[in-house]
Amino acid sequence: MAVAEMIEQKLTEALAPQRLKVVDDSEKHKGHAGYREGGETHFRVEVVSAAFSGQNRVARQRRVYEILSAELAGRVHALQLQTLTPDEDL
């Protein structure tokens, strides 16, 4: 399974998001730290979930890092996160 698919699956199972977008931005980082041929190292992730209600930005991001800990310990070098509640998603 591709890394982006695994990220999507894990976040869907853990957060039941109203909206989830996972974009592989690896090619933008070619020649930089953490880049590997074939990509799947740098991702932009947007998550809108009621599970974030009552949490600040840092707590939300820590939750995503916790869910994706295996991927971050392996191939994934960087995540750019946008974590919102449904009320914040305009």
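Quick caveat: nothing in here was measured; it's all calculated off a predicted structure.

S.K.: Report on the confidence of the model for the protein chain, specifying residues and quantitative values.
M.R.: Caution is warranted with low-pLDDT regions, since their predicted coordinates should not be read in detail. Taken over all residues, the pLDDT of the protein chain has a mean of 88, while the share at 70 or more is 83%. The element-level mean pLDDT for the protein chain is lowest in helix 3 (residues 69–73), coming to 93, with helix 2 (residues 57–67) highest at 97.

S.K.: So what's going on with the pairing of strand 2 (residues 42–48)? Which residues, and what values?
M.R.: With six of its seven residues buried, strand 2 lies for the most part within the structure. Note: strand 1 (residues 19–24) against strand 2, six bridges, orientation antiparallel. Residue pairing for strand 2: lysine 21 is matched across the bridge by glutamate 46. Where strand 2 and strand 3 (residues 78–84) come together, seven bridges link them in parallel fashion. When the sheet's bridge partners are listed, histidine 42 is paired in strand 3 with alanine 78.

S.K.: Can you lay out the side chain of histidine 42 for me, pointing to particular residues and giving the numbers?
M.R.: Residue position: histidine 42 is located in strand 2. Using a relative accessible area of 5% as the deciding quantity, one classes histidine 42 as buried. Separated by 2.7 Å, the side chains of histidine 42 and threonine 41 make a polar contact.

S.K.: Explain the nonpolar core to me, using residue names and the numbers behind them.
M.R.: Within the largest apolar cluster, 15 residues are counted, with the highest numbers of intra-cluster contacts made by Ile7, Leu11, Phe43 and Val45. Elements with a minimum of two residues in this core: helix 1 (3–15), strand 2, helix 2 and strand 3. Counting residues per element, this core draws most heavily on helix 1, at four residues.

S.K.: Please provide a residue-by-residue account of the sheet that holds strand 1, values included.
M.R.: Sheet strands associate in pairs through backbone hydrogen bonding, adopting either a parallel or an antiparallel arrangement. Spatially, three strands are ordered 1-2-3 in an open sheet, and the strand pairing comes out mixed. In this open sheet, the two strands that pair with only one neighbour each are strand 1 and strand 3. Averaged over neighbouring strand pairs, the angle between their axes works out to 10° when direction is ignored. Running at roughly 25° to strand 2, helix 1 makes contact with strand 1 and strand 2 of the sheet.

Rules used in this analysis
- Residues numbered from 1 in each chain as written.
- Predicted model: local features only at pLDDT ≥ 70, side-chain atom pairs only at ≥ 80, totals over all residues.
- Heavy atoms only, no water.
- pLDDT = per-residue confidence, 0-100.
- Helix = DSSP H or I, 4+ residues; strand = E, 2+ residues; numbered from the N terminus.
- Buried < 20%, exposed > 50% of the residue type's maximum accessible area, 1.4 Å probe, protein only.
- Pairing = 2+ DSSP bridges.
- Polar contact = N/O pair within 3.5 Å; in protein donor to acceptor, adjacent residues only side chain to side chain.
- Core = buried A, V, L, I, M, F, W, Y, C linked by side-chain atoms within 4.5 Å.
- Axes fitted to C-alpha atoms, helices over the stretch in contact; angles between N-to-C directions.
- Contact = heavy atoms within 4.5 Å.

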